[in-house]
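Breakdown of the fold
Given next are the chains, with one letter for each unit.
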Amino acid sequence: MMAAEESGDASRTLVAQANAALAARARWSPLEIAFWLAAAASIFLFPTKHLILTEIAILGLFALSLDLLLGYAGIVSLGHAAFFGFGAYAAGLLAKYHVVNEPVLALLASGIATMLLGFVTSFLVLRGSDLTRLMVTLGVALVLREIANRLEITGGADGLQGIVMDPILGRFSFDIYGHVAYVYSLIMLFALFLVARRIVNSPFGLSLRSLKGNPLRAAAIGIHVNGRLVAIYTIAAGYAGIAGALLTQTTQFASLSVLDFERSADVLLILIIGGTGYLYGGLIGAVLFKLMQDWLANLTPQYWQFWIGLILVIIVLVGRDRITRTTDPIRALVQRATDRVWSGVRGSG
Amino acid sequence: MALVLQTVDLQKRFGGIVATNDVSLSIEKGARHALIGPNGAGKTTVINLLTGVLRPTGGRILLEGEDITDLEAHKRVHLGIARTFQINQLFPDLTPLETIGLAVSERLGMGGQWWRLVGSKSAVVEQAVEVLDRFHLADVMHERTATLPYGKQRLVEIALAIACRPNVLLLDEPAAGVPEAERHDILAAVAALPKDVTVLLIEHDMDLVFSFADRISVLVNGELFVEGAPEDVARDPRVKAVYLGEEADA
């Protein structure tokens, strides 16, 4: 009798421990909060830099989208610009032909349209190795670019001109300094980040990590591997589409460059710089990439690509693992601080 | 007793090599059935065919009378077939708690939910912890699986299949490479399975096979060689010849 009670207590303690550990995974760390406070503060701190900051926010969202694929599901892509570009043209066409005038609604519509494209093309990347996936994604992007080049409605090489954006929610008009555009982009980035954060911390997100590590075993415990891959590919496409749509809306222009191979390559580089699989890699990478590009372009207007290439080679050779290893102690310290703060909060509450 | 798992003339060719040659197995509900044979006899291929990792080039697989030959691997799991792997197939970056939790939430049909947080369903956590505790894994359930010692990883391997609550459990050399002390934990867990769970065991350790199985099939060169009760198989001169022959080679 006593023994049964004791073992009951013991298993209750274990369950409580397990719950606590799982809850800790999804908890906001001070670093994360600081990151977003800094992002919000940038609105007021750098009012003259809102144009480049908007670019960074859009690039960050685009990289976040690729991180969902690469960092969580292990799907490599060399043609992620296909979705960025599709979303960009969708938003442009919606505005130009006054199908959906309100920017937020148009943004969602563009995202949903891109999700459809993502869903359809996802079946192409299900089978095959990384190399096949690189080629297939690259091919899809090339095909889309050529379609945009040929079609009359997309304006071909001249791009989609004559886009006039209505005020956001009927109240906030886009200004030439990009103030509204930056706040709008940042809010969208944050909202979509919250959703992504939810997704990766869900059972669905966990199953993605499992099938990334071992699809054979994932299937052997009943996970529908292909179904999950289709789902995340569709979601990621929607994210990329919204990023592209944001670019069109904030620049009131869409050109073939949204579908360029370079754009697909850049976003991959951004993720390599920032790191994959923790959601912030794309955002941090976007900041570093854009600043580096800007700085190097000022320093050596003609040869900046040389330096950026060199830096990338060094990053890859040194290995991000080694870089993270040096920052691991800091991360552990922050983790301990987080736990203490949270237990303090719970203790007083 | 009713047949739970049956193969009819199962065949698998890899190019010119016949890995499985017209194997017809009949496994009764609740059986403790062992599949033995020398190295390269095609035992693991049979398991891969039964679980849908490989598609047969001929023959059929029946689960409780229903044809599952063309069914995808994950659907067979939902019908109650689970397996372990000869070489650990785990999720190195996940903790044992997350690993077992995955199997449990998949079984409860919640594995695809993206709107709620991991750990927010108490049934999943409780069942996962129960399985971990049973396999003496509770003390390491928060560690990365990749950092666990081999014996513990082996336990996660077995526990993961058990967490699927199978009707038919296929064990591919569960005790391979496990130290004597931990071997006991694995076998105790397998022996403690409910009587109506059917177990098909591949194993090289003959002591283990004969203490566990109530029926034995011997596979040689992809073909079913002998099948019968353990004492009959042990006495069979042909089986002795196969094994002695192998030992003489070694």
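Check the entry above for the structure.
For the structure given in this document, a descriptive report is provided here. Predicted model only: the values in this text are computed from it and were never measured.

Let's shift gears to the interface of chain A and chain B. Contact with chain A, which involves 30 residues of that partner, is made by 39 residues of chain B. In total, chain A and chain B occlude about 3,300 Å² of area from one another, counting both sides; carbon and sulfur atoms represent 68% of this. Among the residues of chain A in contact with chain B, Pro203, Arg217 and Ile221 of chain A are the three that bury the most area, contributing 22% of the side total. At the junction of chain A with chain B, the criterion picks out 3 salt bridges. For Arg25 of chain A, the salt bridge goes to Glu98 of chain B, with nearest N and O atoms at 2.1 Å. Taken together, chain A and chain B are joined by 13 residue pairs in polar contact (both at pLDDT 80 or more). When contributions to the side of chain A that touches chain B are tallied by element, the ones reaching two or more residues are helix 1 (2–25), helix 7 (179–200), helix 8 (203–213) and helix 9 (215–220) of chain A. Per element, the largest residue contribution to the side of chain A that touches chain B is 8 residues, and it comes from helix 1 of chain A. Here the residues of the side of chain A that touches chain B sort into 16 nonpolar, 9 polar and 5 charged.

Let's shift gears to the packing of helix 4 (residues 81–96) of chain A against helix 10 (residues 225–251) of chain A. Residues and elements named next belong to chain A. Remark: helix 4 packs on helix 10, axes separated minimally by 6 Å, with the N-to-C direction vectors making an angle of 50°. Classified by the angle their axes make, helix 4 and helix 10 are oblique. The interaxial crossing formed by helix 4 with helix 10 has right-handed handedness. Within the contact between the two elements, helix 4 uses Phe83, Phe84, Gly87, Ala88, Tyr89, Ala91 and Gly92 and helix 10 uses Tyr233, Ala237, Ala240, Gly241, Ala243, Gly244, Ala245, Leu247, Thr248 and Gln249. Along the lines of polarity and charge, the residues of the contact of helix 4 with helix 10 split into 11 nonpolar, 6 polar and no charged.

According to the stated counting rule, one finds 14 salt bridges over all chains in the structure shown. Of the charged contacts in the structure, one is a salt bridge between Asp260 of chain A and Arg145 of chain A, with a shortest N-O distance of 2.9 Å. A residue pair is termed long-range when its members are at least 10 positions apart, and Asp260 of chain A in the loop between helix 10 and helix 11 (261–274) and Arg145 of chain A in helix 6 (residues 130–150) qualify at 115 residues. Given the relative accessible area of 26%, Arg145 of chain A is considered partly exposed. The shortest N-O distance in the salt bridge between Arg238 of chain B and Asp236 of chain B comes to 3.2 Å.

A contiguous nonpolar patch, built from Tyr97, Val99, Val143, Ile147, Leu151 and Ile153 of chain A and spanning about 550 Å² of accessible area, is present on the exposed surface. For Val143 of chain A, a relative accessible area of 48% puts it in the partly exposed group.

Turning our attention to the nonpolar core. Ranked by internal contacts, the top residues of the largest apolar core, which has 149 residues, are Leu61 and Leu68 of chain A together with Ile100 and Phe135 of chain B. The dominant element in this core, judged by the number of residues it contributes, is helix 3 (residues 50–73) of chain A, at 16 residues. Counting only domains with at least three residues in this core, you end up with domain 1 (45–289) and domain 2 (300–344) of chain A. Residues within four places of Leu61 of chain A in sequence aside, it is in contact with Leu189, Leu192, Tyr239, Ile242, Ala243, Leu246 and Leu283 of chain A. Leu10, Ala31, Leu49 and Ile202 of chain B belong to the second largest nonpolar core, which has 23 residues in total.

If a probe as big as a water molecule is rolled over the atoms, it shows which places are left empty. Approximately 630 Å³ is the volume attributed to the second largest pocket. The wall of the second largest pocket is formed by 23 residues, among which Arg127, Pro215, Ala219, Val225 and Asn226 of chain A lie closest to the centre. Every element with two or more residues in the lining of the second largest pocket is listed here: helix 8, helix 9 and helix 10 of chain A together with helix 2 (73–78) of chain B. Here the lining of the second largest pocket takes 4 residues from helix 9 of chain A, the largest share from any one element. Counted by class, the lining of the second largest pocket contains 13 nonpolar, 5 polar and 5 charged residues.

What counts and what doesn't
Residues numbered from 1 in each chain as written. Chains lettered and ligands numbered in written order. Predicted model: local features only at pLDDT ≥ 70, side-chain atom pairs only at ≥ 80, totals over all residues. Heavy atoms only, no water. Contact = heavy atoms within 4.5 Å. Buried area = accessible area lost by both parts, 1.4 Å probe. Salt bridge = Lys/Arg side-chain N within 4 Å of Asp/Glu carboxyl O. Polar contact = N/O pair within 3.5 Å; in protein donor to acceptor, adjacent residues only side chain to side chain. Helix = DSSP H or I, 4+ residues; strand = E, 2+ residues; numbered from the N terminus. Nonpolar A, V, L, I, M, F, W, Y, C, P; charged D, E, K, R; others polar. Axes fitted to C-alpha atoms, helices over the stretch in contact; angles between N-to-C directions. Parallel < 35°, antiparallel > 145°, perpendicular 65-115°, else oblique. Left-handed = near helix turned anticlockwise from the far one by under 90°. Buried < 20%, exposed > 50% of the residue type's maximum accessible area, 1.4 Å probe, protein only. Patch = residues over 30% accessible without salt bridge, like charges linked within 9 Å, V, L, I, M, F, W, Y side chains within 5 Å. Areas by Shrake-Rupley, 256 points an atom, 1.4 Å probe, with all protein chains shown as cover. Core = buried A, V, L, I, M, F, W, Y, C linked by side-chain atoms within 4.5 Å. Domains from an automatic or database assignment. 1 Å grid on protein atoms, 1.4 Å probe; cavity = no way out; pocket = protein on both sides within 12 Å on 5 of 7 lines; lining within 4 Å. Points joined across faces, edges and corners; volume = space filled by probe spheres on them.

Functional significance is not addressed by these values, which are geometric in nature.
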